[in-house]
Amino acid sequence: MNDAAQRRPRTPPEGGGSWSIRVGGIPIRIHFTFILLLLWFGAISASQGDGFFGGVVFLLLLFGCVVLHELGHATMARRFGVQTREIVLYPIGGVARLERIPSGKAELLIALAGPAVNLVLAGLLFGYLVVRQVRAPGSAEELLTGAPVVWQLLFANLVLFFFNLIPAFPMDGGRVLRATLSLAIGQDRATQIAATVGQGMAILFAMLAFFPPPIKPVLLLIAIFVFLGAGQEAAFQRGRTAVRGLTARAAMVTRFESLAPQDSLQRAAELLLATHQQDFPVIDAWGRVAGVLHRGALLTGLAGPGRDMAVLDLMDREPVAVDPETPLEEVLRLLQSRPAGPILVVDAEGLKGMITLENFGELIEVSQVLRRSQPST
Ligand SMILES: [Zn+2]
């Protein structure tokens, strides 16, 4: 339904509390709360006399349309060279997590592609109803309760189309707004305006969720999701602005402890306790980077095989490494596509430094303070 969370670094690990299938090479994860929604919907449907499975089948078809909507985004994104990491289905809708969001016209077309799928689906369903001469429901009441499921699906697709185009950044309509504005006034101001409009819409959604009664929990969840999402997008854009023109060299930590491949986990555990470091580069006898030992792997190792095990056996052998002159915007993107560990900064001589999300955050804060203290001319 909406596509807010593509770039949150703190996404839950894949497979946690969810089931996964693949369509066209893209993993589609179904969050476990979605199954609860199915059961709840079935129970409501049964209590209204439509039968348990009637409600469940409608909901599955509806979420089939949501998946097609997300695949619409994914297909258009692929045309611009952007891969989709996964599609996740939550009770309040779907999220296509793109590896990055391009700006300008590409963002506009990717955002429009999802709702466009719902419009096409509505058209196809309408064609089917006309050909089969299925009688239209006489009232809204009938549409929602007693109408044939194809009519209900047609209505649902129109709702998905219009709802997603509400300019509530980071929902599709908000992205359309941001992308359109950015063509005229640049990405920074466009994002701040779209985020402000999005948060205003979120407050409106929240009010509508309570008045008129009864309380509409789904709308309330969407309101919270939009409000937080818009704030995060604005912060992310400020971060990007802050690091523009800087390279990896400016953000890297240059004082850190490293391990040798033969060091024991005991030694690694001592370093973990003695420093603020979470991840330790592993340097071989020739001064080359052999890997990175992550805190999680270290703790798992200590709990299992024990403290005498060699670091070599538990380290990540394919750490992400960049050149000191890599633009920081690129580093930020890498950090967020691999939330698990640090980015190593390596040149011809060997390891120069490390960048983590934490010290990246510090760099952004420092440069914002500096920027504020220097009056712009
Ligand atoms: Zn969408």
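Predicted, not measured: the structure shown is a model, and the values here were computed from it.

What counts and what doesn't
Residues numbered from 1 in each chain as written. Predicted model: local features only at pLDDT ≥ 70, side-chain atom pairs only at ≥ 80, totals over all residues. Helix = DSSP H or I, 4+ residues; strand = E, 2+ residues; numbered from the N terminus. Buried ≥ 20, exposed ≤ 12 C-beta atoms within 10 Å, placed from the backbone. Contact = placed C-beta atoms within 7 Å. Pairing = 2+ DSSP bridges. Axes fitted to C-alpha atoms, helices over the stretch in contact; angles between N-to-C directions. Core = buried A, V, L, I, M, F, W, Y, C linked by C-beta atoms within 7 Å. Domains from an automatic or database assignment. Expected span 1.5 Å × (residues − 1). Parallel < 35°, antiparallel > 145°, perpendicular 65-115°, else oblique. Nonpolar A, V, L, I, M, F, W, Y, C, P; charged D, E, K, R; others polar.

## Describing the overall build of the chain
(1) Moving on: A count of helical and extended segments in the chain gives 13 helices and nine strands.
(2) Moving on: Projecting the C-alpha coordinates of the chain onto the three principal axes gives extents of approximately 80 × 60 × 40 Å.
(3) Moving on: Residue burial in the chain is summarised as follows: out of 377 residues, 34% are buried.
(4) Moving on: Relative to all contacts within the chain whose residues are 6 or more apart in sequence, the contacts with residues 24 or more apart total 62%.

## Side note on the sheet that holds strand β7 (residues 320-322)
(1) Moving on: In space, the three strands of this open sheet follow the order β7-β8-β9, with mixed pairing throughout. The open sheet has two edge strands, β7 and β9 (350-355), and neither has a second partner. Taken pair by pair, the neighbouring strands of this sheet meet at an average axis angle of 35°, ignoring direction.

## Overview of the pairing of strand β4 (residues 93-98)
(1) Moving on: The buried count for β4 comes to six of six residues, which makes it a mostly enclosed element.
(2) Moving on: In this structure, strand β3 (residues 84-90) lies alongside β4, joined through six bridges in antiparallel fashion. Among the inter-strand pairings, Thr84 is bridged to a residue of β4, identified as Leu98.
(3) Moving on: Turn length for the β3-β4 hairpin, with the two strands adjacent in sequence and antiparallel, is two residues.

## With respect to the nonpolar core
Soluble globular proteins tend to bury their nonpolar side chains together.
(1) Moving on: One finds Leu89, Phe169, Ala202, Val226 and Ala230 to be the most contacted residues of the largest nonpolar core, which totals 50 residues.
(2) Moving on: Among the elements that take part in this core, helix α3 (residues 105-131) stands out by supplying eight residues, more than any other.
(3) Moving on: No fewer than three residues from each of domain 1 (1-164) and domain 2 (166-243) sit in this core.
(4) Moving on: Core analysis: the next-biggest nonpolar cluster, separate from the first, contains 18 residues, Val331, Val346, Ile355 and Ile364 among them.

## Remarks on helix α7 (residues 187-210)
(1) Moving on: Between its terminal C-alpha atoms α7 stretches 35 Å, which fits the 34 Å expected from 24 residues at 1.5 Å a residue.
(2) Moving on: Within the sequence span of α7, burial applies to Ala190, Thr191, Ala194, Ala195, Val197, Gly198, Gln199, Met201, Ala202 and Phe205.
(3) Moving on: The secondary structure elements touched by the buried residues of α7 are α6 (172-185) and α8 (217-243).

## Notes on the domain arrangement of the chain
(1) Moving on: Under the domain assignment, the chain is made up of domain 1 (1-164), domain 2 (166-243) and domain 3 (248-373).
(2) Moving on: Between the C-alpha centres of domain 1 and domain 3 there is a distance of 39 Å.

## Some remarks on the environment of Glu270
(1) Moving on: For Glu270, the position within the fold is in helix α10 (residues 265-274).
(2) Moving on: What makes Glu270 partly exposed here is the crowd of 14 C-beta atoms within 10 Å.
(3) Moving on: Taking C-alpha positions, Glu270 is 45 Å from Ala74, a pair spaced 196 residues apart along the chain.

## What about the packing of α8 against helix α13 (residues 357-373)?
(1) Moving on: At a closest axis distance of 9 Å, the pairing of α8 and α13 adopts a crossing angle of 70°. On the basis of their axis angle, the class for α8 and α13 is roughly perpendicular. On α13, the residues that touch Gly239, Ala242 and Val243 of α8 are Leu363, Ile364, Ser367 and Gln368.
(2) Moving on: Considering only residue class, the contact of α8 with α13 consists of four nonpolar, three polar and no charged.

## Thoughts on unusual backbone geometry
(1) Moving on: At the junction of Phe169 and Pro170, the peptide bond is cis and its omega measures out at 10° in the coordinates.
(2) Moving on: Among the structural elements, Pro170 can be located in the loop between α5 (149-164) and α6.
(3) Moving on: Geometrically, the link from Phe211 to Pro212 is a cis peptide bond, its omega value of -5° lying close to zero.
(4) Moving on: Despite not being glycine, Gln133 has its phi angle at roughly 50°, a positive value.

## Considerations on the pairing of strand β5 (residues 279-283)
Walk down a regular strand and you will see the side chains alternate between the two sheet faces.
(1) Moving on: The buried fraction of β5 is high, at four of five residues.
(2) Moving on: The sheet contact formed by β5 and strand β6 (residues 289-294) spans five bridges and is antiparallel. Paired with Ile283 across the two strands is Val289, which belongs to β6.

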